[in-house]
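Chain by chain, the residues run as shown.
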Amino acid sequence: MTNTEEPAPYGTGAPQPSAPRRVRTHHLLEMKRRGEKFTMLTAYDLYTAQVFDEAGIDVLLVGDSAANNVYGYRTSLPITVDELIPLARAVVQGASRALVMGDLPFGSYQGSPEQAWDTASRFMKEAGVAAIKLEGGAAMAPQIKRLVDGGIPVCAHIGFTPQYEHVLGGYRVQGRGEDASRILDDALAAQEAGAFAVLMEMVPADVAAKITAELRIPTIGIGAGNQTDAQVLVWQDAFGLNTGRLPRFVKQYADLHGVLLQGAAAYAAEVKAGTFPAPGHGF
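Scoring rules and cut-offs
Residues numbered from 1 in each chain as written. Predicted model: local features only at pLDDT ≥ 70, side-chain atom pairs only at ≥ 80, totals over all residues. Heavy atoms only, no water. Helix = DSSP H or I, 4+ residues; strand = E, 2+ residues; numbered from the N terminus. Rg over C-alpha atoms; globule rule 2.2 N^0.38 Å. Buried < 20%, exposed > 50% of the residue type's maximum accessible area, 1.4 Å probe, protein only. Contact = heavy atoms within 4.5 Å. Lys, Arg positive; Asp, Glu negative; His and termini not counted. Charge placed at Lys NZ, Arg CZ, Asp CG, Glu CD. Phe/Tyr/Trp six-rings, centres within 6.5 Å; stacked < 30°, edge-to-face > 60°. Lys NZ or Arg CZ within 6 Å of the ring centre and 35° of its normal. Expected span 1.5 Å × (residues − 1). Salt bridge = Lys/Arg side-chain N within 4 Å of Asp/Glu carboxyl O.

*Asks:* Quick rundown of the overall build of the protein chain? Include the residues and the values.
*Replies:* When helices and strands are tallied, the protein chain shows 11 helices and eight strands. The C-alpha atoms of the protein chain give 20 Å as radius of gyration, which agrees with the globular expectation for 283 residues (19 Å, within 12%). Principal-axis analysis of the C-alpha atoms gives the protein chain an extent of 65 × 45 × 35 Å. Classification of the 283 residues of the protein chain by burial places 48% in the buried group. Of the contacts formed within the protein chain by residues at least 6 apart in sequence, a portion of 56% connects residues at least 24 apart. Distance from the positive charge centre (24 side chains) to the negative charge centre (30 side chains) of the protein chain: 2 Å.

Encoded structure:
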């Protein structure tokens, strides 16, 4: 890997000297070739982007999951390009090492390759992301090819695709039984169209493992077993800010809801008791 770009972040999670100072798509391909897994988390703001970057997370996805986790929509369908781009811009400002990927929202790319180009180029120009993600495999191959031909790296999202939940009949595992061949065909079509990676969601582990072995490009799993080249989780799920019902593939690594609740309660108690601000907190 090259080591000639922007300086690496400081902190205990900062990458070692052999790691890239700025993660690029070709680094992810090199990691797959070496059998080295990489990491991906969602991020939607400056400070979480800084924390995850310092921790050594390789890819930050500004996902359309912001619909649920930032704006409070019930599904990802309502979120717009204009709502996502400011979040992506903030994440780009917070990440000094990680590759930042923007997610194209529903209705902003499915219409035609040119619609996809217009939307993706806005993410590149206005937010400064280094890649984009879109949902679909074979059906979106023309869109993927148009973006790649125009200089925009693309990660294809296959398997369960939340933007297509009404067509798929809800949140259901994809690729079981004879349907496994469809997922493989989607992955191969995305690779052939020029995608640099394929994200597989809610796909049986054995199917995801087979696809990972057959593809030249990296695979990223979420609910797709542990044989993919990388893993991604929504950060509010993984670190306990979301206290609602979670998918079975989520593991919680922290209890941020509990920490914030305790801190906010302590602050409220001190203000009401008149002990904050104390003399040392004034001028």
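From this point, things continue past the structure.
*Asks:* Now, about the environment of Ala49: what can you tell me, with residues and values included?
*Replies:* Note on placement: Ala49 falls in helix H2 (residues 46–54). Note: C-alpha distance between Ala49 and Gly94 (45 residues apart in sequence) is 5.1 Å. The residues contacting Ala49, other than those within four sequence positions of it, are Ala43, Leu60, Val91, Gly94 and Ala95.

*Asks:* How would you explain the side chain of Thr212 if you had to name every residue and give the values?
*Replies:* Mapped onto the elements of the fold, Thr212 is located in helix H9 (residues 205–214). A relative accessible area of 8% means that Thr212 is categorised as buried.

*Asks:* Explain the packing of aromatic side chains residue by residue, including any values.
*Replies:* Following the criterion strictly, the structure yields five aromatic pairs and no others. Considering the side-chain rings of Tyr267 and Phe276, the 6.1 Å spacing of their centres and the 65° angle between planes classify their relative orientation as edge-to-face. A relative accessible area of 52% places Tyr267 in the exposed class. Three or more aromatic residues joined by ring pairs form one cluster here, namely Phe52, Trp235 and Phe239. The aromatic ring of Trp117 is capped on one face by Arg146, whose charged end is 4.5 Å from the ring centroid.

*Asks:* Quick one: what's the story with helix H4 (residues 81–94), residue by residue and with numbers?
*Replies:* In this model, H4 (14 residues) spans 20 Å end to end at C-alpha, consistent with the 20 Å of a helix rising 1.5 Å per residue. Taken residue by residue, H4 has Val81, Glu83, Leu84, Ile85, Leu87, Ala88, Val91, Val92 and Gly94 as its buried positions. For H4, the secondary structure elements touched by its buried residues are H2, strand S2 (59–62), helix H3 (66–69), strand S3 (99–103) and helix H5 (113–127).

*Asks:* So, the pattern of salt bridges: which residues are in play, and what are the values?
*Replies:* Summed over all chains, the structure comprises 10 salt bridges. Note that Arg34 is salt-bridged to Glu36, the shortest N-O span being 2.7 Å. Among the residues examined, Arg34 registers a relative accessible area of 46% and is labelled partly exposed. Judged by relative accessible area, which is 36%, Glu36 ranks as partly exposed. The closest approach of N and O atoms between Arg122 and Glu126, which form a salt bridge, is 2.7 Å. Placement of both Arg122 and Glu126 in helix H5 is noted, with a separation of four residues, approximately one turn of the helix. Its relative accessible area of 34% is what places Glu126 among the partly exposed residues. It is possible to trace a salt-bridge network through shared partners that takes in Asp82, Arg122 and Glu126.

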